[in-house]
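Listed here are the chains, written in short residue letters.
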Amino acid sequence: MKQILAVIIFLLFNACASKKDTQYLQLGKAEMANQHFDEAAKLFTKSIEKNPANAESFFARGLSYNLLKDFESAVSDFNQAEKLGYTDAKLYTLRSFAYNMTEKNDLALQDLDKAIEIDPDSYAGNYYNRAMLLLSLKKPDLAVVDLNKYVEATQDPNGYFARGKIVLGKGDLKSACEDFKRAISFGSADEELLKISDAICK
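Residues numbered from 1 in each chain as written. Predicted model: local features only at pLDDT ≥ 70, side-chain atom pairs only at ≥ 80, totals over all residues. Heavy atoms only, no water.

1. Details of the state of the cysteines
For clarity, the threshold we go by: A pair of cysteine sulfur atoms is labelled a disulfide when the two atoms are within 2.5 Å. Secondary structure is summarised from DSSP: a helix means a run of H or I of at least four residues, a strand means a run of E of at least two, and numbering begins at the N terminus for each. Partly exposed residues are those whose accessible area sits between 20% and 50% of the maximum for their type, while under 20% is buried and over 50% is exposed, using a 1.4 Å probe and protein chains only.
On inspection of all chains with the given rule, the structure shows one disulfide. Each sulfur in the disulfide pair cysteine 177 and cysteine 201 lies 2.1 Å from the other. Its S-S torsion of approximately -90 degrees makes the covalent link between cysteine 177 and cysteine 201 left-handed. In this pair, cysteine 177 sits in helix 11 (residues 173-185) while cysteine 201 sits in the segment after helix 12 (191-200), placing the two residues 24 residues apart along the sequence. In this structure cysteine 177 comes out as buried when scored by relative accessible area, which is 8%. Judged by its relative accessible area of 12%, cysteine 201 is buried.

This is how it looks when you write it as structure tokens:
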């Protein structure tokens, strides 16, 4: 009986310790929800100090740094989270954003490839973002493939407009105008779109 009691006490203390270890993580998440990103980052730092092996704390602080536009720190935290076993598609999506904002487009593209490979349906925006990166790397045909998937999932006017500009550049006026008209019908009031559409689509 004493042995059973000792085990129960041991488990109880472990449970309390575990809860205590995540206290700052949970507080940080609450601050994130309230858009207090600087305070959230400080709380996630305390969480890391309590438990340096908690990958989620590094991931959460990396997200905070992204929102604070401290992209180098964000990448560092995402790298550490990955080393500690956090390999959710969200990590690669968010690290890609940080890489993109620091003009490391090759690395940004690699991370979007990983995010889409891990979970193709988790976030349709990955296809749009990858298409924009592919365009910057002079790969319009691959960009169109991603935009096809993006507009199929979202019907976002920005996707139609982007695809329309690519096919227009390839000389396909009919397909370009169809995309421009779709973009307008789905609510886009982009001045560039309206100007191009008025000029070439009758």
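2. Notes on the environment of leucine 147
Mapping leucine 147 onto the fold places it in helix 9 (residues 140-154). Once the C-alpha coordinates of leucine 147 and asparagine 158 are considered, the two residues, 11 residues apart in sequence, prove to be 9.8 Å apart.

3. So, the nonpolar core
Note the threshold: Throughout, nonpolar core names a set of buried Ala, Val, Leu, Ile, Met, Phe, Trp, Tyr and Cys residues whose side chains join them through atoms within 4.5 Å. Note on contacts: a residue pair qualifies if any of its non-hydrogen atoms lie within 4.5 Å across the two residues.
By size, the foremost hydrophobic cluster in this structure holds 29 residues, and its most contacted members are Phe59, Ala81, Tyr86 and Leu91. Sorting the residues of this core by element identifies helix 3 (37-50), helix 4 (55-67), helix 5 (71-83), helix 6 (89-101), helix 7 (105-118), helix 8 (125-136), helix 9 and helix 10 (157-169) as the ones contributing at least two each. The contact partners of leucine 91, leaving out residues within four places of it in the chain, are Phe59, Phe78, Ala81, Glu82 and Tyr86. Val151, Phe161, Cys177 and Cys201 belong to the second-largest nonpolar core, a separate cluster that totals 13 residues.

4. Things to note about the pattern of salt bridges
Rule in force here: One speaks of a salt bridge when a side-chain nitrogen belonging to Lys or Arg is within 4 Å of a carboxyl oxygen belonging to Asp or Glu.
Under the counting rule described, the total for this entry stands at 14 salt bridges. Here lysine 114 and glutamate 82 are joined by a salt bridge, their closest N and O atoms 4.0 Å apart. A residue pair is termed long-range when its members are at least 10 positions apart, and lysine 114 in helix 7 and glutamate 82 in helix 5 qualify at 32 residues. Using a relative accessible area of 34% as the deciding quantity, one classes lysine 114 as partly exposed.

5. A few points about the environment of leucine 107
Relative to the assigned elements, leucine 107 resides in helix 7. The partly exposed category is assigned to leucine 107, whose relative accessible area is 34%. The spatial distance from the C-alpha of leucine 107 to the C-alpha of serine 96 is 7.0 Å, given a sequence separation of 11 residues.

6. Describing the side chain of arginine 163
Note on placement: arginine 163 falls in helix 10. Since its relative accessible area comes to 14%, arginine 163 is described here as buried. If near-sequence neighbours (up to four positions away) are discounted, arginine 163 is found in contact with Val144, Leu147, Asn148, Val151, Asp179 and Arg182.

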